[in-house]
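Residue-level structural notes
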Amino acid sequence: LAVATEYLRSLASHGLKAEPFLVDFVISLTVASAPPRHHTLHQFLQYHVISDSPPVARQLLALSGEYPPALQLSIDMLHRLGSHQEVADLMIAQGMLLPVMRYIKRHSTVLVPAATLLQAALDASDTTLFHTTYRFVQAMHNQLYASHRRSSPNFLPTDGCQGFSEHFNDMFPDDS
């Protein structure tokens, strides 16, 4: 591990990128050691010994089951790479609905179907989260309509949200 790490540092100091197989090898060495050296991997990423790349981000995601901070490392890396849509999709898949709504608000290029967000909120079995998500989607539709990027501020049949609207009205009859 020490030799491979020093080689990576040498490449970085000369402005060169390491070959993907070498980065994969270093990551494998850190997590396959007994005990796994997750903290070392974390430092390699923090100090850019291992450069940001989509394959590294996916490896981190795969490690998140055994090393939970790897999920956030993966999200941060994808964000730095400008993969905003992938960040949003990953957050939704991980059930991070409140953070993804903030993320979508900050990154107007991210497009997530209303039905996807609402289904994730419904699956969370949290009425407050469903209410918040429903209102968020409505606000986004209003914003898109105001900027002439949507034909109506209301749900359209193509949105696939009729069932969610009915569910919302049943759950919150005074808030319709």
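Anything mentioned here points back to the structure above.
A brief structural summary. The shown structure was predicted, so the numbers you read here are calculated from the model rather than taken from an experiment.

A look at the packing of helix α2 (residues 20-32) against helix α3 (residues 38-46)
Relative orientation of the contacting elements α2 and α3 amounts to 150°, with a least axis distance of 7 Å. One way to sum up the angle between α2 and α3 is to call them roughly antiparallel. In this structure, α2 contributes Val 26, Ile 27, Thr 30 and Val 31 to the contact, and α3 contributes His 38, Thr 40, Leu 41 and Phe 44. Here the contact of α2 with α3 is built from residues that sort into five nonpolar, three polar and no charged.

Thoughts on helix α9 (residues 127-146)
Here α9 spans 29 Å end to end across 20 residues, near enough to the 28 Å set by a 1.5 Å rise per residue. Turning to α9, its buried residues number three or more, namely Leu 129, Phe 130, Thr 133, Tyr 134, Phe 136, Val 137, Met 140 and His 141. Considered in projection along α9, the buried side chains sweep an arc of 160° and stay on one side of the axis. Facing away from the buried side of α9, by more than 90 degrees, are the exposed residues Thr 128 and Ala 146. With a side-chain oxygen lying 3.0 Å from the backbone nitrogen of Thr 128, the N-terminal cap of α9 falls on Asp 126. The first or second residue beyond α9 is His 148, which carries a positive phi of 60°.

Some words on the pattern of salt bridges
Inspection of the entire model under this criterion finds four salt bridges. Arg 80 serves as the salt-bridge partner of Asp 52, at 2.6 Å between the closest nitrogen and oxygen. Here Asp 52, found in the loop between α3 and α4 (54-63), pairs with Arg 80, found in helix α5 (residues 69-80); they are 28 residues apart in sequence, far enough to count as distant. A relative accessible area of 46% means that Arg 80 is categorised as partly exposed.

Considerations on the packing of aromatic side chains
Tallying each qualifying case throughout the model produces five aromatic pairs. Note on Phe 130 and Phe 168: the rings are 6.4 Å apart at their centroids and 45° apart in plane angle, and the pair reads as tilted. Linking Phe 130 in helix α9 with Phe 168 in helix α10 (residues 162-171), this pair joins segments that are 38 residues apart in sequence. Each member of the pair, Phe 130 together with Phe 168, is buried. Through successive ring pairs, a cluster of aromatic residues spans Phe 130, Tyr 134, Phe 155, Phe 168 and Phe 172.

Comments concerning unusual backbone geometry
The omega angle of the peptide bond from Ala 34 to Pro 35 is -5°, so this bond is cis rather than trans. Structurally, Pro 35 is set in the loop between α2 and α3. Even without being a glycine, His 48 presents a positive backbone phi close to 60°. Looking at the element boundaries, His 48 is found in the loop between α3 and α4. With a phi angle near 55°, Ser 125 is a residue other than glycine that sits in the positive phi range. Looking at the element boundaries, Ser 125 is found in the loop between α8 (114-123) and α9. Given the relative accessible area of 69%, Ser 125 is considered exposed.

About the criteria used
- Residues numbered from 1 in each chain as written.
- Predicted model: local features only at pLDDT ≥ 70, side-chain atom pairs only at ≥ 80, totals over all residues.
- Heavy atoms only, no water.
- Axes fitted to C-alpha atoms, helices over the stretch in contact; angles between N-to-C directions.
- Helix = DSSP H or I, 4+ residues; strand = E, 2+ residues; numbered from the N terminus.
- Parallel < 35°, antiparallel > 145°, perpendicular 65-115°, else oblique.
- Contact = heavy atoms within 4.5 Å.
- Nonpolar A, V, L, I, M, F, W, Y, C, P; charged D, E, K, R; others polar.
- Expected span 1.5 Å × (residues − 1).
- Buried < 20%, exposed > 50% of the residue type's maximum accessible area, 1.4 Å probe, protein only.
- Arc of directions from axis to C-beta.
- Polar contact = N/O pair within 3.5 Å; in protein donor to acceptor, adjacent residues only side chain to side chain.
- Salt bridge = Lys/Arg side-chain N within 4 Å of Asp/Glu carboxyl O.
- Phe/Tyr/Trp six-rings, centres within 6.5 Å; stacked < 30°, edge-to-face > 60°.

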